[in-house]
Amino acid sequence: MPTTFALVARQDEIDASALLVGRMSGDEAEILTLCVAPVARRSGVARGMLDAFFRHVGTQTRIVLEVAVDNAAAIALYESVGFLPAGLRPDYYTGQGRKVDALVYARRGHLIT
Ligand SMILES: CC(C)(COP(=O)(O)OP(=O)(O)OC[C@H]1O[C@@H](n2cnc3c(N)ncnc32)[C@H](O)[C@@H]1OP(=O)(O)O)[C@@H](O)C(=O)NCCC(=O)NCCS
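Residues numbered from 1 in each chain as written. Predicted model: local features only at pLDDT ≥ 70, side-chain atom pairs only at ≥ 80, totals over all residues.

1. Describing the overall build of the chain
In step 1: Helix and strand content of the chain: 2 helices and 6 strands.
In step 2: Taking 13 Å as the expected radius of gyration for a compact globule of 113 residues, we find that the chain reaches 14 Å, a close match to that expectation.
In step 3: With the principal axes as the frame, the chain shows a C-alpha extent of 40 × 35 × 30 Å.
In step 4: Here the chain holds 113 residues, and 18% of them are scored as buried. (Helix = DSSP H or I, 4+ residues; strand = E, 2+ residues; numbered from the N terminus. Rg over C-alpha atoms; globule rule 2.2 N^0.38 Å. Buried ≥ 20, exposed ≤ 12 C-beta atoms within 10 Å, placed from the backbone.)

In structure tokens form, the structure reads like this:
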């Protein structure tokens with residue numbers, strides 16, 4: 001899709017340590033996926049990816065994302081960079097015989113301070 005793009009953080013010449021997939025739609029951007037390799041976690045990689053994403057989409061853009069209500073690490077990450085709760089999507093994630101609600105978070109695209 002032409003509106004979809006990815007940011008990759010490189011571990012070295014071969015391996016990536018993190019991936020962020022986003023989508024632009026008018027004056028709104030959505031974070032579709034953010035994942036950091038387990039060995040690279042808790043060293044600021046995700047925060048750095050989000051900072052790069054915010055710079056990429058610009059200050060006038062509203063950014064939204066969904067996160068599972070039981071994903072404490074991701075919720076702590078998003079709240080630490082200024083995302084605020086904006087809604088709830090019941091049974092948004094399904095699989096392995098269970099359904100999990102998603103929290104919707106939103107934020108303006110200004111930089112992390
Ligand atoms: C969530 C995830 C992206 C965080 O990546 P990360 O590179 O480890 O995050 P950072 O090191 O940049 O952490 C930034 C802040 O997020 C919060 N945070 C990150 N991981 C956390 C954890 N396990 N527990 C609590 N807070 C956490 C903290 O506030 C942290 O700041 P601090 O280290 O100064 O306390 C990573 O754990 C991951 O890839 N998880 C699996 C995929 C996933 O759930 N993606 C999100 C889908 S919506």
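2. Regarding the site of the ligand
In step 1: Around the ligand, a shell composed of 18 residues is seen, among which Arg41, Ala46, Ala73, Ala76 and Leu77 lie nearest.
In step 2: No other element matches the 6 residues that helix H2 (residues 72-80) contributes to the shell around the ligand.
In step 3: Of the residues in the shell around the ligand, the class split is 11 nonpolar, 4 polar and 3 charged. (Near = placed C-beta within 6 Å. Nonpolar A, V, L, I, M, F, W, Y, C, P; charged D, E, K, R; others polar.)

3. Some details on the pairing of strand S1 (residues 4-10)
In step 1: Among the 7 residues in S1, 0 count as buried, and that is only a small part of the element.
In step 2: Note that S1 and strand S2 (residues 16-25) share 7 bridges and pair antiparallel. In the sheet register, Thr4 faces S2, and the bridge partner there is Arg23.
In step 3: The antiparallel hairpin formed by S1 and S2 contains 5 residues in its connecting segment. (Pairing = 2+ DSSP bridges.)

4. Topic: the environment of Arg47
In step 1: Along the chain, Arg47 turns up in helix H1 (residues 45-57).
In step 2: Once the C-alpha coordinates of Arg47 and Tyr78 are considered, the two residues, 31 residues apart in sequence, prove to be 8.7 Å apart.

5. Remarks on H1
In step 1: Look at H1: 19 Å from first C-alpha to last across 13 residues, which is about the 18 Å you get at 1.5 Å a residue.
In step 2: Those residues of H1 that fall on the buried side of the exposure criterion are Ala46, Met49, Leu50, Phe53, Phe54 and Val57. Angular distribution of buried residues about the axis of H1 spans 140°; they occupy a single face of the element.
In step 3: Buried residues along H1 sit against S1, S2, strand S3 (28-36), strand S4 (62-68) and H2.
In step 4: After H1 finishes, the residue Gly58 shows a positive phi value of roughly 90°. (Expected span 1.5 Å × (residues − 1). Arc of directions from axis to C-beta. Contact = placed C-beta atoms within 7 Å.)

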